[in-house]
Amino acid sequence: MAQKGKKYAVGIDLGGTKIAVGMVDEAGHILSQARRPTGAEEGYRAVIGRMADAIRAVAEDSAVSLSEVSSIGVGVPGTPDFSDGTVIFAPNIGWRDVPLGRLLREEFGLPVYVDYDTNAAALGEYMVGAGKGARVLLFVTVGTGVGAGIVFAGKLFRGATGIAGEIGHMVMDKDGPPCTCGNIGCLQMFSKGPALADRAAQAIEGEEGSRSTVLRELLRAQGGGLTGEMVIKAAREGDPIARKVFEEGVLYLGLGIANAVSLLNPDVVVVGGGIAKAGDLLFKSLVKTVKERAYPMAAECVDIRLSMNSEEAAIVGAAMLEATWEPLKP
Ligand SMILES: [Zn+2]
């Protein structure tokens, strides 16, 4: 629990492109926020330096002294060591065995809690976001990967060793495409942004590729390769190839969530990440698939929602890590 008499916590969302930091009070209100570019190419010390700078900025802006702060919580895009806050591996930012927890502790003399960004976001969605007050919340995020966090009775469900929530690696096809984890047919290989981009790129090279006008135009204008965002944008604008690729990605995502709904019986599922920007195009078919394909009695009582303010949720969730922290038994 939070240290006695200390009413505030700092929450940090460390992303591939930006660091978002907030000073958060006990009720989950953000008093002040700051953003810095991640700039991972400059090395981890520079990144952590910018993080420290943003922590001082939010303390100053909110007129909260660091002596009133109970802890610092960080959601990271990789695998943390829960015992000391080391980031074991975060490929998106090129980190391996980075002593994030120790460096922030040394800098500020405060307890530091480092968790998966999906866990922090799930907790934030439960505290202040679209999953507020759920009995069992399944938070699913789809961007450069597919991940999930589970909040059960107000606490993160971490599994036996902290790995729970790897929904992106549920096997959806025994003969499917190879995944970065070494397995084949994992959900994320059908639904993550880069997978949509790869399949769209193949499709516009194929027989029916000439039907894809918006996507080809976007590709020409951008000059580089396709991205998941471009596929979503083209699908929204009615490009038939982009729409087909996107719909298939959403179908698999829906099947994966349906499986998780049958297993966990959540009352709320919140979907966030880049794919949430697809809005209605995503939402209707996703809900339809989950409702049709989850076990009927579990499907009946689940409410599926899109994340409303995912950055705010990520900051608040990170700040709340201390309050719900339960050390895993080694
Ligand atoms: Zn996998």
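That block above? That's the structure.
As the structure is a computational prediction, the values presented were derived from the model and not from experiment.

Student: Mind showing me how you'd approach the sheet that holds strand S7 (residues 95-98) here?
Tutor: In sheet architecture, strand pairing relies on hydrogen bonds along the backbone and comes in two forms, parallel and antiparallel. Taken together, three strands build an open sheet; the order of strands is S5-S6-S7 and the sheet is antiparallel. Of all strands in the sheet, those bounded by a partner on one side alone are strand S5 (79-81) and S7. Here the strands of the sheet are splayed against their neighbours by 20° on average, with no regard to which way each runs.

Student: How should the environment of Ile 232 be read in this particular structure?
Tutor: Tracing the chain through its elements places Ile 232 in helix H7 (residues 228-236). Spatially, the C-alpha atom of Ile 232 lies 42 Å from that of Glu 107, the residues being 125 residues apart in sequence. Sequence-distant contacts of Ile 232, that is, excluding residues within four places in its chain, are made with Phe 246, Gly 274, Ile 275, Ala 278 and Leu 281.

Student: Sorry, what's going on with the coordination of the zinc ion here?
Tutor: Six octahedral donors around a metal ideally subtend angles of 90 or 180 degrees, whereas four tetrahedral donors ideally subtend 109.5 degrees. Of the protein atoms, only His 169 (ND1), Cys 179 (SG), Cys 181 (SG) and Cys 186 (SG) coordinate the zinc ion, at distances of 2.0 to 2.4 Å. If you look at the zinc ion, its four donor atoms make angles of 105 to 123° with each other, and the shape they trace is tetrahedral. Look at Cys 186 and you get buried, because its relative accessible area is 0%.

Student: I'm lost on the sheet that holds strand S13 (residues 303-306) in this one. Help?
Tutor: Strand order in the open sheet formed by five strands is S11-S10-S9-S12-S13, with mixed pairing between adjacent strands. For this open sheet the edge positions go to strand S11 (155-156) and S13, each flanked by a neighbour on one side alone. As defined by bridge partners, strand S9 (residues 136-142) adjoins strand S10 (residues 146-152) across seven bridges and the pair is classed as antiparallel. From the neighbouring strand, Val 136 faces S10, where its bridge partner is Phe 152. Packing against the sheet, helix H8 (residues 240-264) makes contact with S9, S10 and strand S12 (268-272), and its axis sits at approximately 160° to S9. Its contacts with the sheet put helix H9 (residues 280-293) on S12 and S13, and the angle it makes with S13 is roughly 155°.

Reading the values: the criteria
- Residues numbered from 1 in each chain as written.
- Predicted model: local features only at pLDDT ≥ 70, side-chain atom pairs only at ≥ 80, totals over all residues.
- Heavy atoms only, no water.
- Pairing = 2+ DSSP bridges.
- Helix = DSSP H or I, 4+ residues; strand = E, 2+ residues; numbered from the N terminus.
- Axes fitted to C-alpha atoms, helices over the stretch in contact; angles between N-to-C directions.
- Contact = heavy atoms within 4.5 Å.
- Donors = N, O, S within 2.8 Å, 3.2 Å for Na, K, Ca; no water.
- Tetrahedral: all angles 85-135°; square planar, octahedral: opposite > 155°, others 65-115°.
- Buried < 20%, exposed > 50% of the residue type's maximum accessible area, 1.4 Å probe, protein only.

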